[in-house]
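Coordinate inspection notes
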Amino acid sequence: QVQLVESGGGLVQPGGSLRLSCAASGITFDERILDENILAWYRQAPGRMRELVARMYVGDNTYYADAAKGRFNISRDDAENTLSLQMNSLQPEDTAVYYCNLFMGRERRGYWGQGTQVTVSS
């Protein structure tokens, strides 16, 4: 059973940085993890739909939503079996619950973590 657990959220001032982590169990991160699967970070702000922030897919390619380009970086640590999201130059509009997602292509199924709250405020 795949489980994802996010951590690293919190309160930060505008212009600050946070690093989110997603610890995975029930699946092994290695050089083949992205052959059939997609790793991603989503976020959901109050009153808004959940939206894609960044994803990592086959060939270690990455995609960033416009709001994340140039400020956020998605990365994977196979030794620690974790997915991370480094967020810089945070702004109040980045306030949301951030979720880690694993989409397994063979099962055609997505797994979600419980989310971690990020609040950007002075």
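Residues numbered from 1 in each chain as written. Predicted model: local features only at pLDDT ≥ 70, side-chain atom pairs only at ≥ 80, totals over all residues. Heavy atoms only, no water.

Some words on the overall build of the protein
Rules: Only DSSP runs of H or I covering at least 4 residues are called helices, and only runs of E covering at least 2 are called strands; the numbering of each starts at the N terminus. Note that the radius of gyration is over C-alpha atoms, with the globule rule given as 2.2 Å times the number of residues to the power 0.38. Relative accessibility under 20% of the residue-type maximum defines a buried residue, over 50% an exposed one, and the middle range a partly exposed one, all with a 1.4 Å probe and only protein chains included. The contact criterion used throughout is that any non-hydrogen atoms of two residues lie within 4.5 Å. Only the protein chains shown count as cover for residues, and the accessible areas themselves come from Shrake-Rupley with a 1.4 Å probe. Neither His nor the chain termini are counted; the positive set is Lys and Arg, and the negative set is Asp and Glu. To locate a charge, take NZ of a lysine, CZ of an arginine, CG of an aspartate or CD of a glutamate.
Helix and strand content of the protein: 0 helices and 11 strands. For 122 residues, the compact-globule formula gives about 14 Å, and the C-alpha radius of gyration of the protein, at 14 Å, lands near that figure. If one aligns the C-alpha atoms of the protein with their principal axes, the spans along those axes are about 45 × 25 × 25 Å. When each of the 122 residues of the protein is scored for burial, the buried share is 44%. Within the protein, residue pairs in contact and separated by at least 24 positions form 56% of the contacts whose partners lie at least 6 positions apart. With the model as given, the accessible surface of the protein reaches about 6500 Å², and the carbon-plus-sulfur share is 45%. Seen as two clouds, the 12 positive and the 14 negative side-chain charges of the protein have centres 6 Å apart.

Let's talk about the environment of L20
Counting through the fold element by element, L20 comes out in strand β3 (residues 18-25). Given a relative accessible area of 0%, L20 falls into the buried group. Sequence separation of L20 and D30 is 10 residues, and the distance between their C-alpha atoms is 20 Å. Excluding its chain neighbours within four sequence positions, the residues that come into contact with L20 are S7, G8, G9, W41, L83, S84, L85, M87, Y98, T116 and V118.

Comments concerning the sheet that holds β3
This is how it is decided: Strand pairing is assigned whenever DSSP identifies at least 2 bridges connecting the two strands. Angles here are taken between N-to-C directions and fall from 0 to 180 degrees, while the axes themselves are lines fitted to C-alpha atoms, restricted in helices to the stretch in contact.
Taken in spatial order, the 4 strands of this open sheet run β1-β3-β8-β7, and their pairing is antiparallel. Two strands in the sheet have a free side with no partner beyond their single neighbour: β1 (3-7) and β7 (72-77). Across the sheet, the mean angle from the axis of one strand to that of its neighbour is 15°, orientation sign disregarded. In this structure, β1 lies alongside β3, joined through 5 bridges in antiparallel fashion. Across the sheet, V5 pairs through a bridge with A23, a residue of β3.

Focus on the nonpolar core
Put simply, the test is: Nonpolar cores are built from buried Ala, Val, Leu, Ile, Met, Phe, Trp, Tyr and Cys residues. Side-chain atoms within 4.5 Å join them into one set.
With 33 residues, the main nonpolar core has W41, L85, M87 and Y98 as its most contacted residues. Listed by contribution, the elements that provide at least two residues to this core are β3, β4 (37-44), β5 (51-57), β7, β8 (82-87), β9 (96-104) and β11 (116-120). In terms of residues, this core owes the most to one element, β9, which gives 5 residues. Not counting the four nearest positions on each side in its chain, M87 is found in contact with G16, S17, L18, L20, R71, F72, Y98 and V118.

Overview of the pattern of salt bridges
What counts here: Any carboxyl oxygen of Asp or Glu within 4 Å of a side-chain nitrogen of Lys or Arg constitutes a salt bridge here.
Following the criterion strictly, the structure yields 9 salt bridges and no others. With a shortest N-O distance of 2.8 Å, D60 and R76 are connected by a salt bridge. Note that D60 is positioned in the loop between β5 and β6 (61-64) and R76 in strand β7, a separation of 16 residues in sequence. Note on D60: relative accessible area 46%, which makes it partly exposed.

Looking at the packing of aromatic side chains
Here is the rule: Only centres within 6.5 Å qualify two rings of Phe, Tyr or Trp (six-membered ring in Trp) as a pair; their planes then separate them into stacked at under 30 degrees, edge-to-face at over 60, and tilted for everything else.
Within this structure, the stated rule accounts for 2 aromatic pairs. Taken together, a centroid distance of 5.0 Å and an interplanar angle of 65° make the contact between Y42 and W112 edge-to-face. Taken together, the residues Y42 in strand β4 and W112 in strand β10 (residues 109-112) connect sequence positions 70 residues apart. Its relative accessible area of 21% is what places Y42 among the partly exposed residues. Since its relative accessible area comes to 39%, W112 is described here as partly exposed. A centroid spacing of 6.2 Å and a plane angle of 90° characterise the contact between Y99 and W112, whose relative ring orientation is edge-to-face. Residue Y99 is found in strand β9, and its partner W112 is found in strand β10; the two are separated by 13 residues along the sequence.

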